[in-house]
Amino acid sequence: MLSYFNNSNEQALGTAGSMSQIITGKTKLLGVIGHPIEHSLSPIMHNAAIAHLGLDYVYLPLPVHPDNLQAAISGFAAIDLGGFNITIPHKQAIKPLIAEISPTAKAIGAINTVWRTSSGTWAGTNTDVEGFIAPLHYNQDWSQKTAVVLGNGGAARAVVAGCAQLGFGETYVVGRNATKLAEFIASWDSLATKLLVRTWDKLPLLIPQAQVIINTTPIGMYPNVTQSPLSDEEMALLRADAIAYDLIYTPRPTKFLQQAKARGATAIDGLEMLVQQGAAALTIWLQQPVPVDIMRQSLQNHLSKYK
Ligand code: NAP
């Protein structure tokens with residue numbers, strides 16, 4: 001919990017039992033831009049980590065209407081904002097305003113983390129890939145394995161880049177719109193995985209081949225908690241030694257993961273991706289190790305109400 005510096009009383013006024021932090025004239029600024037921004041969980045985990053480290057930073061929600069994006073970014077430079085995250089709807093629109101874009105963000109076509117370079121310009125990357133691959137084992141050989149990605153939206157792009165980084169032999173992207181699928185596959189230059197796209201009706205052929213199946217659609221997200229992208233009949237085709245990975249983190253677990261667990265599969269929910277993409281961003285800004293456990297715990301506490 002944050003509290004405000006008071007000349008007559010320099011006492012932190014945070015909620016009882018939570019971390020407190022005093023904002024001073026020297027406090028450095030970080031934040032997240034989006035429209036809307038009210039639902040962002042990033043301030044919770046970043047401020048928990050900052051408080052734990054005892055650093056003089058604060059991470060703020062920064063509401064930026066799409067019409068004001070350019071003005072906002074210029075303003076951030078003017079007030080010496082140290083860095084910021086980007087969420088819907090600015091992840092793609094911000095690209096022309098960022099001087100240096102990492103190869104990962106270029107490949108995905110979206111930026112979620114920005115920082116100031118030593119020359120005072122903005123640099124950007126996308127930490128969703130790091131977030132996605134963190135719960136999967138880096139040192140495992142995925143080269144003979146098949147990933148099946150449900151959905152072809154923004155998150156699917158980070159997942160495909162992650163599957164390529166892990167070295168999956170094949171990555172199938174499954175969508176409901178053939179035109180969007182064609183655009184999706186055409187948008188990649190070269191990838192270290194064989195990328196294939198299929199329409200939803202081909203799922204019964206693909207599910208048995210999947211060692212990892214990833215839900216990147218919002219199907220099953222709170223409040224639609226009884227929905228799943230797969231029917232029980234389709235889930236029955238999943239190998240018992242497969243991994244089912246749902247990017248959704250409300251609820252935990254989703255119906256999709258409950259079905260997968262009933263098959264004997266390993267279930268991974270979206271919380272770790274959320275935590276790890278945030279930890280990767282905070283590491284860039286602070287240039288020091290960050291307390292991932294504290295970030296995870298702060299979100300678990302917050303999300304427990306969605307059970
Ligand atoms: P998005 O860009 O809107 O993409 C959603 C995708 O799901 C689209 O391909 C869409 O298909 C498909 N879809 C939606 N409803 C569908 C349905 N009923 N049947 C079949 N396909 C359907 O959204 P996003 O940004 O990728 O986010 C997707 C999910 O990932 C959200 O639940 C989000 O919370 C989660 N997420 C989690 C993390 C994390 O850190 N854990 C990070 C990013 C996103 P069309 O293209 O045909 O419309």
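Residues numbered from 1 in each chain as written. Predicted model: local features only at pLDDT ≥ 70, side-chain atom pairs only at ≥ 80, totals over all residues. Heavy atoms only, no water.

Novice: Could you give me a rundown of the site of the ligand, with the residues and numbers involved?
Specialist: Taken together, 19 residues lie around the ligand, and Asn-152, Gly-154, Ala-155, Leu-247 and Gly-270 are the ones closest in. Contacts to the ligand include Ala-155, whose backbone N or O atom sits 2.7 Å from an oxygen atom. Within the backbone of Gly-270, a nitrogen or oxygen atom sits 2.9 Å from a nitrogen atom of the ligand. Bound to the protein, the ligand loses 73% of the 930 Å² it would expose on its own. Among the secondary structure elements, those contributing two or more residues to the shell around the ligand are α5 (154-166) and α10 (271-286). When its residues are assigned to classes, the shell around the ligand shows nine nonpolar, eight polar and two charged. (Near = heavy atom within 4 Å. Polar contact = N/O pair within 3.5 Å; in protein donor to acceptor, adjacent residues only side chain to side chain. Areas by Shrake-Rupley, 256 points an atom, 1.4 Å probe, with all protein chains shown as cover. Helix = DSSP H or I, 4+ residues; strand = E, 2+ residues; numbered from the N terminus. Nonpolar A, V, L, I, M, F, W, Y, C, P; charged D, E, K, R; others polar.)

Novice: Go over α10 with me, naming the residues and quoting the values.
Specialist: Residues spaced three or four apart along an α-helix face the same direction, because each turn holds 3.6 residues. Here α10 spans 22 Å end to end across 16 residues, near enough to the 22 Å set by a 1.5 Å rise per residue. Among the 16 residues of α10, 14 are classified as buried, and the element is accordingly described as predominantly covered. (Expected span 1.5 Å × (residues − 1). Buried < 20%, exposed > 50% of the residue type's maximum accessible area, 1.4 Å probe, protein only.)

Novice: Tell me about the sheet that holds strand β8 (residues 122-125), and please be specific about residues and values.
Specialist: What links the strands of a sheet is backbone hydrogen bonding, and the strands pair in either a parallel or an antiparallel sense. With respect to topology, six strands assemble into an open sheet ordered β4-β3-β5-β7-β8-β6, the strand pairing being mixed. For this open sheet the edge positions go to β4 (57-63) and β6 (100-101), each flanked by a neighbour on one side alone. In terms of strand pairing, strand β3 (residues 28-34) meets strand β5 (residues 83-86) through four bridges, oriented parallel. Across the sheet, Ile-33 pairs through a bridge with Ile-86, a residue of β5. Each of β3, β4, β5, β7 (113-116) and β8 touches α10; the most contacted strand, β7, lies at about 5° to it. (Pairing = 2+ DSSP bridges. Contact = heavy atoms within 4.5 Å. Axes fitted to C-alpha atoms, helices over the stretch in contact; angles between N-to-C directions.)

Novice: Give a description of the sheet that holds strand β11 (residues 194-199) that names residues and reports values.
Specialist: Strand order in the open sheet formed by six strands is β11-β10-β9-β12-β13-β14, with parallel pairing between adjacent strands. Each having just a single partner strand, β11 and β14 (266-268) make up the two edges of the open sheet. For this sheet, the mean angle separating the axes of adjacent strands, direction not counted, is 20°. Sheet topology note: the strand β10 (residues 170-175)/β11 ladder contains six bridges and is parallel. When the bridges of β11 are listed, Val-173 appears paired with Val-197. Sheet strands in contact with helix α9 (residues 255-263) are β9 (146-150), β12 (212-215), β13 (243-246) and β14, and its direction is about 170° off that of β13.

Novice: Tell me what's going on with the domain arrangement of the chain, and back it up with residues and numbers.
Specialist: Domain annotation for the chain reports domain 1 (9-125 + 272-306) and domain 2 (130-269). Put simply, the middle of domain 1 and the middle of domain 2, counted by C-alpha atoms, are 28 Å apart. Across the boundary between the two partners, domain 1 contributes 12 residues, which contact 17 residues of domain 2. Both faces considered, domain 1 and domain 2 share a buried interface measuring about 1,300 Å² in area, 73% of it formed by carbon and sulfur atoms. The interface formed by domain 1 and domain 2 contains zero salt bridges. Connecting domain 1 to domain 2 are two residue pairs in polar contact (both at pLDDT 80 or more). If one sorts the elements of the side of domain 1 that touches domain 2 by residue count, α10 sits on top with six residues. The residue makeup of the side of domain 1 that touches domain 2, split by class, is eight nonpolar, three polar and one charged. (Domains from an automatic or database assignment. Buried area = accessible area lost by both parts, 1.4 Å probe. Salt bridge = Lys/Arg side-chain N within 4 Å of Asp/Glu carboxyl O.)

Novice: For the pattern of salt bridges, give the residues involved together with the corresponding values.
Specialist: Pairs can form between side chains of opposite charge whenever their charged atoms are close. Summed over all chains, the structure comprises seven salt bridges. With its nearest N and O atoms 3.2 Å apart, the salt bridge here joins Lys-91 to Asp-128. Of this pair, Lys-91 sits in the loop between β5 and β6 while Asp-128 sits in helix α4 (residues 128-133), placing them 37 residues apart in sequence. Judged by its relative accessible area of 24%, Lys-91 is partly exposed. Through salt bridges with shared partners, a single ionic network connects Glu-272, Asp-293 and Arg-296.

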